[in-house]
Amino acid sequence: MEHGASAALAAEAAARRSYGKLVAFLSARTGDVAGAEDALSEAFTAALTDWPVRGVPLNPEAWLLTVARRRRVDRVRANVRGDAGAAHLQLLAELADPPDESGIPDDRLRLMFACAHPAIDAAVRAPLMLQAVLGFDAAAIGSAFLAAPATMGQRLVRAKAKIREAGIPFEVPPRSAWVERLDAVLAAIYAVYAEGWSDAGADPARRNLAEEAIWLGRLLVGLLPQEPEALGLLALMLYAQARLPARRSASGDYVPLAEQDIALWDSGLLDEAESLLMRANALDRRGRYQLEAALQSAHAERRHGVRPDAQAILLLYQALEDLTASPVAALNCAVALADVQGPAAALRALEQLAASAPFAQYQPYWAARAHLLARCGSRQEAADAYRRAIGLESDPAVRSFLQARAARL
């Protein structure tokens with residue numbers, strides 16, 4: 001049992017560390033992402049049978065790659081017949097080539113750009129990257145992108161078939177094509193970070209996702225050092241990551257940004273984020289991630305003993321709303337009014353927004369409404385809004401925080 005548990009942990013660690021790297025390598029020549037995932041799945045199944053008996057190999061990723069390639073070779077051999085035989089034999093020869101001595105090449109960025117190809121439906125590019133590069137399942141992706149797991153699963157299957165049938169190349173495209181694909185790549189990296197960030201503060205596996213997203217962000221900045229939005233996204237993630245130790249109390253309770261202990265913030269990450277944001281600003285091409293990073297920077301002024309500039313924060317939210325037309329940005333903009341024009345003005349803006357935005361099942365809307373109603377003295381309405389927010393919240397720590405706020409009424 002002990003060997004089985006350690007083997008399972010080793011397989012889980014290998015998947016978390018190298019899933020996308022292995023899928024990218026297996027599918028780079030064939031363009032068959034689904035086939036690569038199937039072969040890798042079989043390799044992981046074999047590992048859970050073999051490793052408890054023979055022990056975990058010194059290089060788990062190389063072992064998994066070897067088994068997955070054998071599975072793909074077996075499939076190709078089974079199909080070598082008729083007119084398609086020559087093509088299958090050529091593919092067989094390509095699959096037989098082992099990785100060079102430097103190890104398994106990291107083709108994740110190439111895979112991400114392939115998933116962002118214009119031939120792939122824009123709505124599924126980021127979800128496809130989450131599955132192909134980091135191994136998210138359809139249920140997790142559907143939750144992040146507000147779609148039923150079955151619906152998301154069908155979209156992903158169609159997208160993978162499109163890559164194979166259209167012969168979409170696995171390559172970093174020419175510079176002229178970077179911009180049109182970059183938005184999808186940035187969105188996928190940020191979605192990965194968001195999944196790792198919403199970890200309830202206790203799950204190391206989820207925190208690793210945030211670290212993986214930052215690693216991908218650094219890789220992208222290295223590739224596109226003059227792309228301000230790549231710089232802005234990395235800065236945004238680093239600002240948030242710097243506050244991770246202060247996000248939960250010693251007992252695991254949720255701590256909102258305004259109440260966090262700034263002594264727990266990582267000053268090195270904050271300095272790096274500031275430097276990246278300055279580099280992005282110098283390129284003079286504003287974008288969503290730069291604006292969001294600038295908002296984080298405004299809040300981070302607390303570490304210098306300076307109160308965040310409420311007017312500047314409101315202007316940044318307004319700029320973000322104008323740029324993205326996002327209901328979430330509009331919601332934040334309405335809430336930011338409270339520190340400039342008072343809670344009554346913010347509440348009016350929030351109610352006006354709710355008339356046209358789909359916030360009925362959106363927890364942050366009800367939490368913001370409850371907070372503003374409480375500040376305006378409407379205790380019963382605030383209690384009702386808190387109940388809605390609590391019912392919609394899945395994070396136990398945040399739910400406890402909202403319950404405590406409601407109890408104060």
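Residues numbered from 1 in each chain as written. Predicted model: local features only at pLDDT ≥ 70, side-chain atom pairs only at ≥ 80, totals over all residues. Heavy atoms only, no water.

## Thoughts on the overall build of the protein chain
Part 1 of the argument: Counting secondary structure elements, the protein chain contains 20 helices and zero strands.
Part 2 of the argument: Sorting the 409 residues of the protein chain into buried and exposed places 47% on the buried side. (Helix = DSSP H or I, 4+ residues; strand = E, 2+ residues; numbered from the N terminus. Buried < 20%, exposed > 50% of the residue type's maximum accessible area, 1.4 Å probe, protein only.)

## So, unusual backbone geometry
It is generally the case that most residues other than glycine have a negative phi and that most peptide bonds are trans.
Part 1 of the argument: We note that Asp284 has phi near 60 degrees; this positive angle belongs to a residue other than glycine.
Part 2 of the argument: Tracing the backbone through its elements, the reader meets Asp284 in the loop between α12 (267-282) and α13 (288-300).
Part 3 of the argument: For Ala325, which is not glycine, the phi dihedral falls at a positive 55 degrees.
Part 4 of the argument: Residue position: Ala325 is located in the loop between α14 (310-324) and α15 (327-336).

## Remarks on the pattern of salt bridges
Part 1 of the argument: All chains considered together, the criterion is met by 15 salt bridges.
Part 2 of the argument: Across the pair Asp271 and Arg303 runs a salt bridge, and its minimum N-O distance is 3.0 Å. In this pair, Asp271 sits in helix α12 while Arg303 sits in the loop between α13 and α14, placing the two residues 32 residues apart along the sequence.
Part 3 of the argument: In this structure Asp271 comes out as partly exposed when scored by relative accessible area, which is 45%.
Part 4 of the argument: In this structure, the salt-bridge partner of Arg369 is Glu351, at a minimum N-O distance of 3.1 Å. Placement of the pair is Arg369 in helix α18 (residues 363-375) and Glu351 in helix α17 (residues 343-354), with a sequence separation of 18 residues. (Salt bridge = Lys/Arg side-chain N within 4 Å of Asp/Glu carboxyl O.)

## Some remarks on the confidence of the model for the protein chain
Part 1 of the argument: For the protein chain, per-residue confidence averages 85 on the pLDDT scale, and residues scoring 70 or more make up 89% of the total.
Part 2 of the argument: Note that residues 200-205 has pLDDT below 50 and, in this model, six contacts with residues that lie over four places away or in other chains. (pLDDT = per-residue confidence, 0-100. Contact = heavy atoms within 4.5 Å.)

## A word on the nonpolar core
Part 1 of the argument: Residues Leu111, Met112, Ile189 and Leu220 are the most contacted members of the largest nonpolar core, which totals 90 residues.
Part 2 of the argument: Not counting the four nearest positions on each side in its chain, Leu111 is found in contact with Gly20, Val23, Ala24, Ser27, Val33, Ala132, Val133 and Phe170.
Part 3 of the argument: Counting residues in hydrophobic clusters, the runner-up holds 38 residues, among them Leu314, Leu350, Ala357 and Ile390. (Core = buried A, V, L, I, M, F, W, Y, C linked by side-chain atoms within 4.5 Å.)

## Regarding helix α8 (residues 149-166)
Quick reminder: α-helices carry 3.6 residues per turn. Residues three or four places apart thus point the same way.
Part 1 of the argument: End to end, α8 covers 26 Å across 18 residues, agreeing with the expected 26 Å (1.5 Å per residue, within 8%).
Part 2 of the argument: Met152, Gly153, Leu156, Ala159, Lys160, Ala161 and Ile163 are the residues of α8 that are buried.
Part 3 of the argument: Positive phi shows up at Gly167, right after α8, with a value of about 65 degrees. (Expected span 1.5 Å × (residues − 1).)

## Re the packing of helix α5 (residues 108-115) against helix α9 (residues 175-197)
Part 1 of the argument: As a packed pair, α5 and α9 sit with axes 9 Å apart at the nearest point and diverge in direction by 110 degrees. Taken together, α5 and α9 sit at an angle that is classed as roughly perpendicular. The two elements α5 and α9 meet at a crossing, and its hand is right-handed. When α5 is examined against α9, the residues Met112, Phe113 and Ala114 are found in contact with a partner set consisting of Trp178, Arg181, Val185, Ala188 and Ile189.
Part 2 of the argument: For the contact of α5 with α9, a count of residues per class yields seven nonpolar, no polar and one charged. (Axes fitted to C-alpha atoms, helices over the stretch in contact; angles between N-to-C directions. Parallel < 35°, antiparallel > 145°, perpendicular 65-115°, else oblique. Left-handed = near helix turned anticlockwise from the far one by under 90°. Nonpolar A, V, L, I, M, F, W, Y, C, P; charged D, E, K, R; others polar.)

## A closer look at the side chain of Glu292
Part 1 of the argument: In this fold, Glu292 is placed in helix α13.
Part 2 of the argument: By relative accessible area, which is 15% here, Glu292 ends up buried.

## Some remarks on the environment of Gly196
Part 1 of the argument: Looking at the element boundaries, Gly196 is found in helix α9.
Part 2 of the argument: Since its relative accessible area comes to 2%, Gly196 is described here as buried.
Part 3 of the argument: C-alpha of Gly196 to C-alpha of Ala210: the two residues are 14 residues apart in sequence and 4.4 Å apart in space.

## Here we look at the packing of helix α11 (residues 228-242) against α12
Part 1 of the argument: For the pair α11 and α12, the least separation of the axes is 8 Å and the interaxial angle reads 160 degrees. Judged on the interaxial angle alone, α12 and α11 are roughly antiparallel. Like other packed secondary-structure pairs, α11 and α12 cross with a definite hand, here left-handed. Note on element contacts: α12 touches α11 through Leu269, Leu270, Glu272, Ala273, Glu274, Leu276, Leu277, Arg279 and Ala280, opposite Pro228, Leu231, Gly232, Leu234, Ala235, Leu238, Tyr239, Gln241 and Ala242.
Part 2 of the argument: Classifying every residue of the contact of α11 with α12 gives 13 nonpolar, two polar and three charged.

## Let's talk about the packing of aromatic side chains
Part 1 of the argument: The tally for this structure, following the rule as stated, stands at seven aromatic pairs.
Part 2 of the argument: Here the aromatic rings of Tyr254 and Phe401 are separated by 5.1 Å at their centres, their planes lie at 75 degrees, and the arrangement is edge-to-face. With a gap of 147 residues between them, Tyr254 in the loop between α11 and α12 and Phe401 in helix α20 (residues 396-408) connect regions that are remote in the sequence.
Part 3 of the argument: In this structure Tyr254 comes out as partly exposed when scored by relative accessible area, which is 26%.
Part 4 of the argument: When its relative accessible area of 17% is taken as the criterion, Phe401 is described as buried.
Part 5 of the argument: With a centroid separation of 5.4 Å and 10 degrees between ring planes, the pair formed by Phe359 and Tyr365 is classed as stacked. Residues Phe359 and Tyr365 agree in their burial class; the two are buried.
Part 6 of the argument: A cation sits over an aromatic face here: Arg247 above Trp197, 4.1 Å from the ring centre. (Phe/Tyr/Trp six-rings, centres within 6.5 Å; stacked < 30°, edge-to-face > 60°. Lys NZ or Arg CZ within 6 Å of the ring centre and 35° of its normal.)

## Describing the environment of Met278
Part 1 of the argument: Tracing the chain through its elements places Met278 in helix α12.
Part 2 of the argument: C-alpha of Met278 to C-alpha of Ala235: the two residues are 43 residues apart in sequence and 9.6 Å apart in space.

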